[in-house]
Every structure is written in C-alpha cells, then in structure tokens.
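# Commentary on secondary and tertiary structure
Below are the chains, spelled out letter by letter.
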Amino acid sequence: MKKLKMLAALLLVTAGSYAQKLPADSIFSQFYKATGGKGLWDGVKSYNLTRSYSAAAATPYNAVITASIPEQSIYKNKTIMKRSFVYTVKGDQGWIKVPIGQKVDVKDLSQAEQQNMRLELYDNLVPFIDYKNRGLIATTVGVETVNGVQVNNVELQGKGVKYNLYFDAKTGLLVRQKTNQGGVETTTDFSDYAKSAYGILYPAKLVELNSSDKKPVTIKSALTVNDNVNVELFKR
C-alpha cells in the first residue's frame, strides 16, 4: 500500500511538472531560436512582403508591403482587378491613395486605421517584437491542443488589441494567432515555414478567418529582409 501511495505521489509530481507553465519570454525565446536566432531578429530593420490573397467566391488580389521599423513607417499597395490602393503610415501621419479614373485621390487615414497599420508593422513578422517597450503585456495561458498538436498559448495584450499566440511545444514555431481588435476576432493559421535569404524562417502560407466575414482567406507570402527601402514610397 505504501508503495502504491508513493507511486501515486510521484505521478502527481511528474504530471505537475509536465503541466507547469513556461514563462512567456521562454516561449518567445524558443521561437526565435527555431527561426534563426535572436541575433538575426534583432538585426531586422526593414522588410518587404509580397502576398497573394484568395477566397471562395471572392476576387483574388495581391499586396506588396514595405516597412521600416526604425522609421516606424509602413507602405501597403493592394492591387484588385488592376486597380492599386496604396496605404501609407509614416511617423504620426497616414494616408490612402485611391485611383479615380486617370487621377489619384489622396485622403487621410483615420486614427483607428493608422493604429491598425502601426500594429501591422510588427504583426506582419510577429506581434511580440520589442513588446515590452511597446506597452504590451505577455502572460502564459497554458498548454492546449491545436489541430492535434500540443501548443503553448501566450496572451499578449495592449491598448485596444489582444493576441493569443499558439506555439508548437516541440518545434517552438508559431502555428496559430487569434487577434481581437475592434470587436472582431481574426484567427490565422501559419504553415509552410520557409527560410528567407536573410536567414530567418517565416510562414509562407497563412489561412485567415475573421468573425465578421466568416470566409477563410488563403495567403501566400514571400519575405525579404533589410533590402534598401525606396524612400519615394513614403512620399504623400
């Protein structure tokens, strides 16, 4: 009987140790290590993304995104049916260029739209970059299962936005992200991690579903890091 009690106690201790929450920073560190190392990530100053978007019963479109983290600037050119809509945030300003016939109409982005793009500056890579200095708080929720894979769930919260980030417990890679912002929840699944020429891994395929449209969007993505940024892109 004593042996059985001792064995039961040992199993409880083992289970408790196994289920113990990892600190959020440890989970982030595992991700950085799995995707090229923190040194490479700290060296990211600018990036370019080319993306194609497709969904059932919807017109596909493409986007080219250029961002400079030190300049806190991001440029996004969305091309839909050969019409280009250009969104830009530079410092404390933001605007959109809309094609109207042979002309282009330039309008200011609302403060909410600008804030969304400032979040995108990091979200296009990972939202926890320099998160403490950006006023975000990270908390480990615990271990869960996503698509049959054990994951560590980390909640990242800031003004007007909350993320739940799900990291594969074995590989350290980010496999799912839930973003709650403006009353809309967007779930993004990441897969097909590829190695950029710079050396960091990034998800080449994303599947996005939000609580408003409720239509999954498949995104194919290609990333380059620290290429020269064309300053003309950020001129109004």
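First, a word on what this report is: a plain description of the structure on this page. Think of each chain on its own: its residues are numbered from 1, step by step along the sequence as written. Where local features are concerned, this predicted model is filtered to residues with pLDDT of at least 70; where side-chain atom pairs are given and counted, the filter is 80 or more; whole-chain, interface and lining totals use all residues. The side-chain numbers reported here are obtained from all heavy atoms of the structure, hydrogens and water having been left aside.

Our next topic: the overall build of the chain. Counting from the N terminus, the helices are DSSP H or I runs at least four residues long and the strands are E runs at least two residues long. Along its length, the chain carries 4 helices and 13 strands. A principal-axis box enclosing the C-alpha atoms of the chain has dimensions of 85 × 40 × 35 Å. In the chain, which comprises 236 residues, the proportion classed as buried is 38%. Partitioning the intrachain contacts of the chain with sequence separation of at least 6 by distance along the chain shows that 39% fall at a separation of at least 24. For the exposure calls, accessible area comes from a 1.4 Å probe over protein chains only, and a residue counts as buried if that area is under 20% of its type's maximum, exposed if over 50%, partly exposed in between. Residue contacts are defined here by distance: any two heavy atoms, one from each residue, within 4.5 Å place the two residues in contact.

Looking at where tyrosine 202 falls in the secondary structure, it is placed in strand S12 (residues 201-210). Between the C-alpha atoms of tyrosine 202 and serine 73, which are 129 residues apart in sequence, the distance is 21 Å. Not counting the four nearest positions on each side in its chain, tyrosine 202 is found in contact with Asp192, Tyr193, Ala194, Lys195, Ser196, Ser221, Ala222 and Leu223.

Time to look at helix H2 (residues 24-34). Those residues of H2 not exposed but buried are Ala24, Ile27, Phe28, Phe31 and Tyr32. Each buried residue of H2 lies within a common arc of 140° when the element is viewed along its axis, so the set occupies one face. Buried-residue contacts for H2 involve helix H3 (38-42), strand S7 (137-146), strand S8 (149-158), strand S9 (161-168), strand S10 (174-181) and strand S11 (184-195). Where H2 ends, the next residue or the one after it, glycine 36, has phi of about 130°, a positive value. Each C-beta atom gives one direction from the helix axis, and the arc is the one those directions make.

Each Phe, Tyr or Trp ring (for Trp, its six-membered ring) is paired with any other whose centre lies within 6.5 Å, and the angle between the two planes then decides the class: stacked below 30 degrees, edge-to-face above 60, tilted in between. Within this structure, the stated rule accounts for 12 aromatic pairs. Ring centres of phenylalanine 31 and phenylalanine 167 lie 6.1 Å apart, and the angle between their planes is 70°; this geometry places the pair in the edge-to-face category. Of this pair, phenylalanine 31 sits in helix H2 while phenylalanine 167 sits in strand S9, placing them 136 residues apart in sequence. Take phenylalanine 31 and phenylalanine 167: they sit in the same class, and that class is buried. Three or more aromatic residues joined by ring pairs make a cluster, and in this case those are Phe28, Phe31, Tyr32, Trp41, Phe128, Tyr131 and Phe167. Think of it as a cone above the ring: NZ of Lys or CZ of Arg counts as a charge over the ring if it is within 6 Å of the ring centre and within 35 degrees of the ring normal. The ring of tyrosine 87 carries lysine 76 above its face, with NZ or CZ at 5.8 Å from the centroid. A cation over a ring is seen here: arginine 134 above tyrosine 122, with NZ or CZ 3.8 Å from the ring centre.

For the rest of this paragraph, the subject is the pattern of salt bridges. Salt bridges are counted wherever a side-chain nitrogen of Lys or Arg sits within 4 Å of a carboxyl oxygen of Asp or Glu. Using the criterion set out here, one finds 8 salt bridges in the structure. Note that lysine 132 and aspartate 25 form a salt bridge whose closest N and O atoms lie 3.1 Å from each other. Of this pair, lysine 132 sits in the loop between helix H4 (111-123) and S7 while aspartate 25 is found in helix H2, placing the two residues 107 residues apart along the sequence. The class of aspartate 25 is partly exposed, set by a relative accessible area of 35%. Of the charged contacts, one joins lysine 235 and glutamate 232 as a salt bridge, the two residues approaching to 3.0 Å between their closest N and O atoms. Judged by its relative accessible area of 47%, glutamate 232 falls in the partly exposed class.

Turning to H4, a few remarks are in order. Taking 1.5 Å of rise per residue, 13 residues should cover 18 Å, and H4 covers 18 Å from first to last C-alpha, within 8% of that figure. For H4, the set of buried residues is Gln114, Met117, Leu119, Leu121 and Tyr122. Multiplying one less than the number of residues by 1.5 Å gives the expected span of a helix.

Another aspect to go through is the environment of lysine 21. By the secondary structure assignment, lysine 21 is in the loop between helix H1 (2-19) and H2. A residue is classified by how much of its surface remains accessible, and lysine 21, at 52% relative accessible area, is exposed. Each C-alpha atom, one on lysine 21 and one on leucine 136, is 20 Å from the other, the two residues being 115 residues apart in sequence. When neighbours within four sequence positions are excluded, lysine 21 is seen to be in contact with Thr140, Val141 and Gly142.

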